[in-house]
Amino acid sequence: MGVVNVTPDSFSDGGRFLDPEAAVSHARRLAAEGADILDIGGESTRPGAAPVSEQEELKRVIPILDALLSLDKPISVDTRRPAVMKAALAAGASMINDVQALAEPYAFEAVAATGCAVCLMHMKGEPATMQREPRYDDVVGEVKGFLKEALRKAMFAGIGRDRLVVDPGFGFGKTPKHNMEILRRLPEFASLGVPLLAGLSRKSTIGHITGRPVGERLAGSLAMALLALHGGAKILRVHDVKETRDVIAVWQAFQNDT
Ligand code: HH2
């Protein structure tokens, strides 16, 4: 899954693709490099980010989505807002990626009647404050319990299991230690019975481990991608598609003994 951030303030590429033409050509490049899904986001969820208005989010996301439909690739929209979900699905998106796991009122209704795929992600708190000393007794137990309940609610609302994926939400209300524990114990999420998505690309845990600024985290991101595959992740949400494709190829060759 290639990341297309149409925002001025995303943590790694904020402002680079706010111009619609730049966003579209970036997305086309990710598709050409081998992304199976393009994930368009119009609101940064980095720690400390301020929310944007619904109007602004729609203005950023929908024109890019329209322009990318001709690529004939599944388009995911990264949003927490039911109105944006509805507009995106009406415009042709095939997946909703919600870092709040459909927590807004009417979010279930916005997606249930369509056939779209849905990513339910765990986040502790709100982006504005989530990195202020997050605490867990058992981070994997809590995150997994949350995702199990989110899956139950989604299925109760009429979203079939075959449409759902889950994501532990690396960096969303978690310290580097929490993130590494989740990564180490990723195989435990398999019992949720749906594919697992992992978003580790360029994140601050890599900076914490390597001491590198956000623009120099490619090698760390690729190491994280391999560890996520090893732990059972089926979808990797990444900024660097071409390089991650090579990691996947190596992983697949290793798996297949070729
Ligand atoms: N991470 C980010 C945004 N959306 N969605 C899922 N499912 N999983 C993630 O780990 C995830 C996500 C944050 O990364 P990015 O989009 O690069 O930054 P920003 O939120 O600042 O736009």
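Description of the structure in this document. Along every chain, residues carry numbers that run from 1 in the direction the sequence is written. With the structure being a predicted model, the display of local features is reserved for residues of pLDDT at least 70 and the display and counting of side-chain atom pairs for 80 or more, all residues being used for whole-chain, interface and lining totals. The basis for every side-chain value is the complete set of non-hydrogen atoms in the structure, without hydrogens or water.

### Regarding the environment of I182
No. 1: Think of it this way: any DSSP run of H or I at least four residues long counts as a helix, any run of E at least two long counts as a strand, and we number them from the N terminus. Position of I182 among the secondary structure elements: in helix α6 (residues 176-184).
No. 2: Each residue is assigned to one of three classes by its accessible area relative to the maximum for its type, calculated with a 1.4 Å probe on protein chains only: buried under 20%, partly exposed between the two thresholds, exposed over 50%. The exposure class of I182 is buried, given its relative accessible area of 0%.
No. 3: Placed 42 residues apart in sequence, I182 and V140 show a C-alpha to C-alpha distance of 5.9 Å.
No. 4: Only heavy atoms enter the contact rule, under which two residues are in contact if any of them lie within 4.5 Å. Beyond its immediate stretch of four places on either side in the chain, I182 contacts V139, V140, V143, P168, F170, K174 and F189.

### Focus on the packing of helix α1 (residues 20-32) against helix α2 (residues 54-68)
No. 1: At a closest axis distance of 10 Å, the pairing of α1 and α2 adopts a crossing angle of 45 degrees. Classified by the angle between their axes, α1 and α2 sit oblique to one another. Handedness of the α1/α2 crossing: right-handed. Facing α1, whose interface residues are P20, A23, V24, A27 and R28, α2 presents I64, A67 and L68. All axes are obtained by fitting lines to C-alpha atoms, using only the stretch in contact for helices, and the reported angles, taken between N-to-C directions, cover 0 to 180 degrees. Oblique is the label for every angle not falling under 35 degrees (roughly parallel), over 145 degrees (roughly antiparallel), or within 65 to 115 degrees (roughly perpendicular). By definition, turning the near helix anticlockwise from the far helix through less than a right angle yields a left-handed crossing, and turning it clockwise yields a right-handed one.

### Focus on the site of the ligand
No. 1: Proximity criterion: a residue is near a molecule or strand once any of its heavy atoms comes within 4 Å of it. As a matter of local geometry, the ligand sits amid 18 residues, with S10, S44, D167, K203 and H239 nearest to it.
No. 2: Throughout this description, a polar contact denotes any pair of N or O atoms lying within 3.5 Å of each other; where both atoms belong to protein, one of them has to be capable of donating a hydrogen while the other can accept it, and for residues adjacent in sequence the pair is counted only when both atoms sit in side chains. Between G199 and the ligand, the recorded distance is 3.4 Å, taken from a backbone N or O atom to an oxygen atom.
No. 3: The side chain of R237 places a nitrogen or oxygen atom 2.8 Å from an oxygen atom of the ligand.
No. 4: All accessibility values rest on the Shrake-Rupley procedure with a 1.4 Å probe; residue burial counts only the protein chains present in the view. Relative to its unbound accessible surface of 480 Å², the ligand loses 99% to contact with the protein.
No. 5: Three classes are used: nonpolar for Ala, Val, Leu, Ile, Met, Phe, Trp, Tyr, Cys and Pro, charged for Asp, Glu, Lys and Arg, and polar for all others, with Gly counted as polar. Of the residues contributing to the shell around the ligand, the split by class is 6 nonpolar, 7 polar and 5 charged.

### Remarks on the pattern of salt bridges
No. 1: Salt-bridge detection follows one rule: a side-chain nitrogen of Lys or Arg within 4 Å of a carboxyl oxygen of Asp or Glu. Taken as a whole, this structure holds 18 salt bridges when the rule is applied.
No. 2: In this structure, the salt-bridge partner of R245 is D36, at a minimum N-O distance of 3.0 Å. Of this pair, R245 sits in helix α9 (residues 241-256) while D36 is found in the loop between α1 and β2 (38-41), placing the two residues 209 residues apart along the sequence.
No. 3: According to the relative accessible area criterion, R245 is partly exposed, its value standing at 30%.
No. 4: The residue D78 makes a salt bridge to R237 at a minimum N-O spacing of 3.3 Å. Here the residue D78 occupies a position in strand β3 (residues 75-78), and R237 occupies one in the loop between β8 (235-236) and α9, the gap between them amounting to 159 residues.
No. 5: Residues participating in the shared-partner salt-bridge network are D138, E181, R185 and E188.

### Thoughts on α9
No. 1: Expected helix span is taken as 1.5 Å per residue step, with the number of steps being one fewer than the number of residues. The terminal C-alpha atoms of α9, which comprises 16 residues, lie 22 Å apart, in line with the 22 Å expected from a rise of 1.5 Å per residue.
No. 2: Buried positions along α9 lie against β1 (2-5), α1, α8 (218-230) and β8.

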